[in-house]
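# Fold and geometry: a report
The residues making up each chain are set out below.
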Amino acid sequence: MDQTKFCCSVCLDLLKDPVTIPCGHSYCMNCIKTHWDGEEKKKIYSCPQCRQTFTPRPVLVKNTMLADFLDELKKTGLQAPPADHCYAGPEDVACDVCTGRKIKAFKSCLFCLASYCKEHLQPHYEVAPLKKHKLVEPSKKLQENICSRHDEVMKMFCRTDQQSICYLCPVDEHKGHNTVSAAAERTERQRELEVSRQNIQQRIQDREKDVKLLQQEVEAINQSADQTVEHSEKIFTELIHLIQKRSSDVKQQIRSQQETEVSRVKELEEKLEQEITELKRKDAELKQLSHTEDHIQFLHNYPSLSALSESTDSSSINIRPLSYFEDVTAAVSEVRDKLQDILREEWTNISLTVTEVDVLLSDPPEPKTRAGFLKYSKAITLDPNTAHEELLLSEGNRKATLMKQKHYSDHPDRFTSYKQLLSRESLTGRCYWEVEWRGRVDVAVAYKNISRAGSVIQCVFGCNDKSWSLDCNNNSYTFWYNNFQTRVSGPRSSRVGVYLDHRAGILSFYSVSETMTLLHRVQTTFTQPLYAGLGVYNYGDTAELIKVK
């Protein structure tokens, strides 16, 4: 029995779940289904063997008789045909010698430029001249080894033109070129290939290390986030419990004081009620005495009846508007307002701290052009509550001018000792802004907790470890930090650009004109959000945060 008759012509293996299509050919159900899925767009379905077409798509039903027959044959030892006898499918390289239905090729010969099945390849193992031929894995590209000009096998390589050639090509088209045998060129390229592979393998190892580091980073991020959520929930729960405890304490105090005061009032009320009863009794006796006709009897009883007992002190019942416990409500409201202010201020810091979490392996470099800086431009306004009373704000709170008059009332955030102010917005991440100045001005950044009053070291920008400042004068630039000055050279310009990379700890000052020139760069570690700062020295001098475009 020819076992190949029971093979699927698609997978070339024994039929599995056999189905018979309308033309009579049989296939594995999955094989013909996959074949027809590929023809779904055309809506025309064909037989892989006879190419007969069907419309609409036939319904596939398992051929139970053929399936049972195959099961019985398998029990008697029927197996799939050996690989060397399998017929060539559409994707296979077929034997060039086979007639009729071709067998899959086992090897291709680079000398013969032909492919052979095992049977037809046998002479290459037995005939002496054929033994010298180069055999390779089956290939459909053998014709690419033929020179299109001379119809000869290409066994040489032209290094001048970087292409394969036959032995006749150096005579005319490639005359005088640097030519070598294909084998020699292969050897050279093989060495390069090995170097490339080593480089690739090294890069694979490096990337695998990077992937491992990133996986560890993800694990660390998840662990840190989980722990932080747990700790923050615990802290907020403690805070809630503390507020609840204070609420309970206030309630208990109020009720206790309520009970005490009500008791005092009740006690005084009882005394007054007793006094009223006594006075009514006395009034009745006196009334009765007033109606006595016997003069002697009247005079005899009058002294004892006219005497009154000591009255309750009326000063203890001073009628006045009473607030009772309303002051307590006001005090609790004040605590609430203060707590809201603290939470609002600190929430900004908490939120910024969360958004600053950044695990990128490398930060983008500092821009080189103004256009590059402008990508990080940030709209900043000045905070009137921080402005010294002689600094007049204008241009939508972006410009500060020093004037000989007071413009603001007292505020806890206001600078009182020196003519300075801070921005309303906090600065984190990467930011860029520009300051237009006239006269003498400090262009600075500072932490919000810098002192508002006190000595120079406490308050002035650049004279402490809470601020960094570029002193811009008509004739010079000077950088200040922690009361240490650094002379800065650079072209004079009425505009200074400031670049901040908070995470990287970079603060740079630039002279801005038609070009940008670096004046000074700081590399440090910022521990809090920063605020833009301006300081003005002389009356009439100005500093303005420019709307950059």
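Keep in mind the model is a prediction, meaning the values are calculated, not measured.

The rules behind the values
- Residues numbered from 1 in each chain as written.
- Predicted model: local features only at pLDDT ≥ 70, side-chain atom pairs only at ≥ 80, totals over all residues.
- Heavy atoms only, no water.
- Pairing = 2+ DSSP bridges.
- Helix = DSSP H or I, 4+ residues; strand = E, 2+ residues; numbered from the N terminus.
- Contact = heavy atoms within 4.5 Å.
- Axes fitted to C-alpha atoms, helices over the stretch in contact; angles between N-to-C directions.
- Patch = residues over 30% accessible without salt bridge, like charges linked within 9 Å, V, L, I, M, F, W, Y side chains within 5 Å.
- Areas by Shrake-Rupley, 256 points an atom, 1.4 Å probe, with all protein chains shown as cover.
- Salt bridge = Lys/Arg side-chain N within 4 Å of Asp/Glu carboxyl O.
- Lys, Arg positive; Asp, Glu negative; His and termini not counted.
- Charge placed at Lys NZ, Arg CZ, Asp CG, Glu CD.
- Buried < 20%, exposed > 50% of the residue type's maximum accessible area, 1.4 Å probe, protein only.
- Core = buried A, V, L, I, M, F, W, Y, C linked by side-chain atoms within 4.5 Å.
- UniProt positions renumbered as here; feature names shortened; annotations may be inferred.

Read from one edge to the other, the open sheet built from 3 strands follows the order β6-β5-β7, with strand pairing classed as antiparallel. In this open sheet, the two strands that pair with only one neighbour each are β6 (114-116) and β7 (135-136). Its contacts with the sheet put helix α3 (residues 118-126) on β5 (107-109), β6 and β7, and the angle it makes with β6 is roughly 110 degrees.

Pairing is antiparallel across the open sheet formed by 6 strands, whose spatial order is β13-β22-β15-β16-β17-β18. Since the sheet does not close on itself, it has two edges, and those belong to β13 (420-427) and β18 (484-488), each with one partner. For this sheet, the mean angle separating the axes of adjacent strands, direction not counted, is 20 degrees.

Moving on: a negative patch on the surface. Together, E267, E269, E270 and E273 make up a region of like negative charge exposed at the surface. Along the chain, E270 falls in helix α5 (residues 182-290).

Within the secondary structure, H133 sits in the loop between α4 (128-131) and β7. Overall, H133 belongs to the buried group, its relative accessible area being 15%. Filtering out sequence-adjacent residues up to four positions away, H133 remains in contact with C109, F111, C112 and H124.

This part covers a nonpolar patch on the surface. On the surface, F236, L239, L242, I243, L339 and L343 cluster together to form a nonpolar patch covering roughly 490 Å² of accessible area. Elements represented by at least two residues in the nonpolar patch include exactly α5 and α7 (326-355). For the nonpolar patch, the element with the most residues is α5, which contributes 4 residues. Classification of L239 as partly exposed rests on a relative accessible area of 33%.

In terms of nonpolar packing, the biggest core is built from 37 residues, with W433, W468, L470, V496 and L507 touching the most fellow members. Setting aside residues up to four positions removed in sequence, V496 forms contacts with W433, E434, V435, W437, V443, L470, C472, Y477, F509, Y510 and V512. If you look at the next biggest cluster of nonpolar residues, it comprises 18 residues, including F6, L14, I21 and C31.

Take the UniProt feature "coiled-coil region" (unreviewed entry) in the chain next. Per the UniProt entry, the sites bearing "coiled-coil region" (unreviewed entry) are residues 197-224 and 251-292 in this numbering. Structurally, residues 197-224 comprises 100% helix and 0% strand, and the distance from its first C-alpha atom to its last is 39 Å. Across residues 251-292, helical content stands at 95% and strand content at 0%; the span's end C-alpha atoms are separated by 61 Å.

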